[in-house]
Amino acid sequence: MHWQTLAASLTLTASGADALLRFSCSQLVVERLDPLVNPGMAPSPHLHQIVGGNAFNISMDPKAPPPTVATCTTCTFADDFSNYWTAVLYFKARNGSYHRVSQKPNVGFEQATGGMTIYYTPYIGNTKSTVTAFQPGFRMLIGQQNYRTKAEAQKFRQLTYTCLKDPMTRSGETMDMPTAPCKAGIMANVRFPTCWDGKNLDSPDHMSHVAYPTSGTFESNGPCPTTHPVKIPQLFYEVIWDTTPFNDKALWPADGSQPFVWSQGDQTGYGSHGDYVFGWKDNALQKAMDTNCNINCPQLKTQSIAVGNKCTRQEQVKESIDGWVDSLPGGEMSGMEHA
Ligand SMILES: *[C@@H]1O[C@H](CO)[C@@H](O)[C@H](O)[C@H]1NC(C)=O
Ligand SMILES: *[C@@H]1O[C@H](CO)[C@@H](O)[C@H](O)[C@H]1NC(C)=O
């Protein structure tokens, strides 16, 4: 089965043969900070939406892991103080003004304030295998914010979009932004590489310490390269953008192109990217991976979505990101999407 179909059926009907954590993390904050790529810089060049522990900050010292700093998390697994973030989607009107697209919770997590759905998968199907959970201080990112072509984006196998016909749509993933209105919104799918060099918690580009399997995919149990021999859980974000208020084709560009643009000025969709700072307490994640929890995990401490919703963080960068704005926050590359 093709990985997309496999992952799709898995998402909806995880059978007893699979093992994966699937949980909700509500919005923590939406602001121009990026402690991975632009530590110490406030504001960072473009806007992000962040979920997870409230230790998220302008800089995040790998020697002070999130569980030692955070006092709450927006995730339903209460020992997960990790931070997960992506760019933010905007709608661009015919007159050139932009409007932020809000996020909406996934099926089963309707009470959550925006945020995203997070998965950690040790294996899929009957190909049982063991994975090594991320270590304290581990971080990584996937995607390149400045990519604008399919050829570039192909470097990343599993950064895709699902045009939601209804909230349960899980087929037809594309690498570029959907070209027609999506009745129930656009889901951005961010799957990270699943092989680690076993030594480095980070790397200068935040990517080279991890790699994809040499052949096949994680889903088909493809082998890890000798340079990156350690199999890690597959980290996967589903982010649902509620594009439905902008579905009227009369609002779309007259040339028939689609109107959604990532906060870094990418209208193609090929610049999708996701960031991760590991922050599980003690060995909670390893324990969950070893016991092959599926969706629910009685071994882990949980909290309700309502409690997760209460964990928020004051914006440190004060600027207007909502309502109709003349340029994308930071202004970077706005108006250049067609260049
Ligand atoms: C965030 O960083 C600032 C310094 O840049 C520090 O004063 C503050 O205590 C930090 N907040 C948290 C929650 O770590
Ligand atoms: C631009 O277009 C949007 C959508 O049609 C409209 O709501 C907004 O008021 C317009 N802004 C300006 C400055 O004309």
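Conventions used here
- Residues numbered from 1 in each chain as written.
- Chains lettered and ligands numbered in written order.
- Predicted model: local features only at pLDDT ≥ 70, side-chain atom pairs only at ≥ 80, totals over all residues.
- Heavy atoms only, no water.
- Core = buried A, V, L, I, M, F, W, Y, C linked by side-chain atoms within 4.5 Å.
- Buried < 20%, exposed > 50% of the residue type's maximum accessible area, 1.4 Å probe, protein only.
- Contact = heavy atoms within 4.5 Å.
- Helix = DSSP H or I, 4+ residues; strand = E, 2+ residues; numbered from the N terminus.
- Disulfide = S-S within 2.5 Å.
- Near = heavy atom within 4 Å.
- Polar contact = N/O pair within 3.5 Å; in protein donor to acceptor, adjacent residues only side chain to side chain.
- Areas by Shrake-Rupley, 256 points an atom, 1.4 Å probe, with all protein chains shown as cover.
- Nonpolar A, V, L, I, M, F, W, Y, C, P; charged D, E, K, R; others polar.

The protein appears in an unreviewed UniProt entry as DUF1996 domain-containing protein from Apodospora peruviana.

A. Highlighting the nonpolar core. Core analysis: the largest hydrophobic core is formed by 75 residues, its most contacted members being Leu 21, Phe 23, Tyr 84, Tyr 120, Tyr 237, Tyr 276 and Trp 280. In contact with Phe 23, not counting residues within four places along its chain, are Cys 75, Thr 76, Phe 77, Asp 80, Tyr 84, Phe 109, Met 116, Thr 117, Ile 118, Tyr 120 and Trp 280.

B. Just the environment of Ala 180, in detail. Of note, Ala 180 is situated in the loop between strand 9 (159–163) and strand 10 (186–191). Along the chain, Ala 180 and Gly 256 lie 76 residues apart, while their C-alpha atoms are 9.0 Å from each other.

C. Highlighting the state of the cysteines. Scanning the model with the defined rule gives five disulfides in all. There is a disulfide in this structure between Cys 72 and Cys 311, and the S-S distance comes to 2.1 Å. Disulfide Cys 72 to Cys 311: torsion about the S-S bond roughly 75 degrees, handedness right-handed. Within this pair, whereas Cys 72 is found in the loop between helix 2 (66–69) and strand 4 (83–87), its partner Cys 311 is found in the loop between helix 5 (305–310) and strand 18 (324–325), the two being separated by 239 residues in sequence. The partly exposed category is assigned to Cys 72, whose relative accessible area is 23%.

D. Region of interest: the site of ligand 2. Surrounding ligand 2, one finds Ala 93, Asn 95, Ser 97 and Trp 324. Between ligand 2 and Asn 95, the relevant distance is 2.4 Å, taken from an oxygen atom to a side-chain nitrogen or oxygen of the residue. Residue Trp 324 places a side-chain N or O atom 3.2 Å away from an oxygen atom belonging to ligand 2. Here ligand 2, which alone exposes 360 Å², has 43% of that area covered by the protein. Here the residues of the shell around ligand 2 sort into two nonpolar, two polar and no charged.

E. Fine view of the environment of Glu 110. Assignment of secondary structure puts Glu 110 in the loop between strand 6 (98–100) and strand 7 (116–123). Sequence separation of Glu 110 and Val 325 is 215 residues, and the distance between their C-alpha atoms is 29 Å. Reaching out from Glu 110, the side chain makes a polar contact with the backbone nitrogen of Gly 108 at a distance of 3.0 Å.

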